[in-house]
Amino acid sequence: MTTRGVLYVHSAPRALCPHVEWAVAGVLGTRVNLDWIRQPAAPGTWRSEFSWQGEPGTASKLASALRGWHLLRFEVTAEPCPTAEGERYSCTPDLGIFHAVTGIHGDILIPEDRLRAALLRSRSGETDLEAEIAKLLGKPWDDELEPFRYAGEGAPVRWLHQVV
């Protein structure tokens, strides 16, 4: 079984761009040359995006390969397939990484144990339920990444398919 997805590198310092390509190539097992364009939302940074196809779990491997690099903002998505749910990873320097399972229409699916834990924290006064649900849905990451997404409208997309 294969799935497909998209890697969005929203912003990366120029010096980091080749390292991003090497990391992605290492996960996909093929040479990767991304088309980098300037990111107007963060002058001095670059953005790129491309579509990939691979085994379920590829999105997780891509996110793991890219996480923790200072000043890198990215998202990785994977479509659901017959053997796996879809996934979404978002990462920012300030917030770190966010992971969500997604359904066939792209909706975030929140496991009941995470909802129960959020409700328990809210009832105990640790936090506000609305804030907990916002975190479960990735709202802080969406808020931080939205200016970078908007700045990338009209950017070229490279389709990268795994050859079998």
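Per chain, the residues get numbers from 1 upward, laid out in the order the sequence is written. The model is predicted, so local features are restricted to residues of pLDDT at least 70 and side-chain atom pairs to those at 80 or more, both for listing and for counting; the totals for chains, interfaces and linings are taken over all residues. Heavy atoms throughout the structure, all of them, feed into the side-chain values; hydrogens and water do not.

Colleague: What am I meant to see in the side chain of E75 here?
Modeller: Secondary structure elements are taken from DSSP: a helix is a run of H or I of four residues or more, a strand is a run of E of two residues or more, and numbering for both begins at the N terminus. Following the sequence through the fold, E75 ends up in strand 4 (residues 73-78). Any pair of N or O atoms that falls within 3.5 Å is considered a polar contact. Within protein, one atom must be able to donate a hydrogen and the other to accept it, and sequence-neighbouring residues count only if both atoms are side-chain atoms. A polar contact of 2.8 Å, which involves the side chain of E75, links it to the side chain of R149. Not counting residues within four places of it along the chain, the set of residues in contact with E75 comprises V6, L7, Y8, H10, R88, Y89, S90, L145 and R149. By the convention used here, residues are in contact when the closest approach between their heavy atoms is within 4.5 Å.

Colleague: Can you walk me through the environment of R149 in this structure?
Modeller: Position of R149 relative to the elements: it lies in helix 5 (residues 139-151). Partly exposed residues are those whose accessible area sits between 20% and 50% of the maximum for their type, while under 20% is buried and over 50% is exposed, using a 1.4 Å probe and protein chains only. R149 sits in the partly exposed class, given a relative accessible area of 22%. Here R149 is in contact with H10, E75, R88 and D142, once residues within four sequence places are set aside. A polar contact is formed between the side chain of R149 and the side chain of D142, at a distance of 2.7 Å.

Colleague: Honestly, a nonpolar patch on the surface in this entry has me stumped. Any pointers?
Modeller: Note that patches include only residues with greater than 30% relative accessible area and no salt bridge, and the join distances are 9 Å for like charges and 5 Å for nonpolar side chains (Val, Leu, Ile, Met, Phe, Trp, Tyr). We get accessible surface area from the Shrake-Rupley algorithm with a probe of 1.4 Å; when it comes to residues, only the shown protein chains can shield them. The term salt bridge refers to a pairing of a side-chain nitrogen on Lys or Arg with a carboxyl oxygen on Asp or Glu at a separation within 4 Å. Taken together, L119, L129, I133 and L137 make up a surface patch of nonpolar side chains, about 270 Å² in accessible area. Among the structural elements, I133 can be located in helix 4 (residues 129-136). Under the relative-accessibility criterion, I133 is labelled partly exposed at 33%.

Colleague: I would appreciate a short explanation of the pairing of strand 6 (residues 96-102) in the present structure.
Modeller: As a general feature of sheets, a regular strand has side chains that alternate between the two faces. Taken together, the seven bridges between strand 5 (residues 86-92) and strand 6 define a ladder with antiparallel strand orientation. Among the inter-strand pairings, E87 is bridged to a residue of strand 6, identified as V101. Sheet topology note: the strand 6/strand 7 (residues 108-109) ladder contains two bridges and is antiparallel. Within strand 7, the residue paired with V101 across the bridge is L109. Should DSSP find at least two bridges between two strands, the strands are regarded as paired. The turn joining strand 6 and strand 7, which pair antiparallel and follow one another in sequence, is formed by five residues; a positive phi near 90° is taken by G106.

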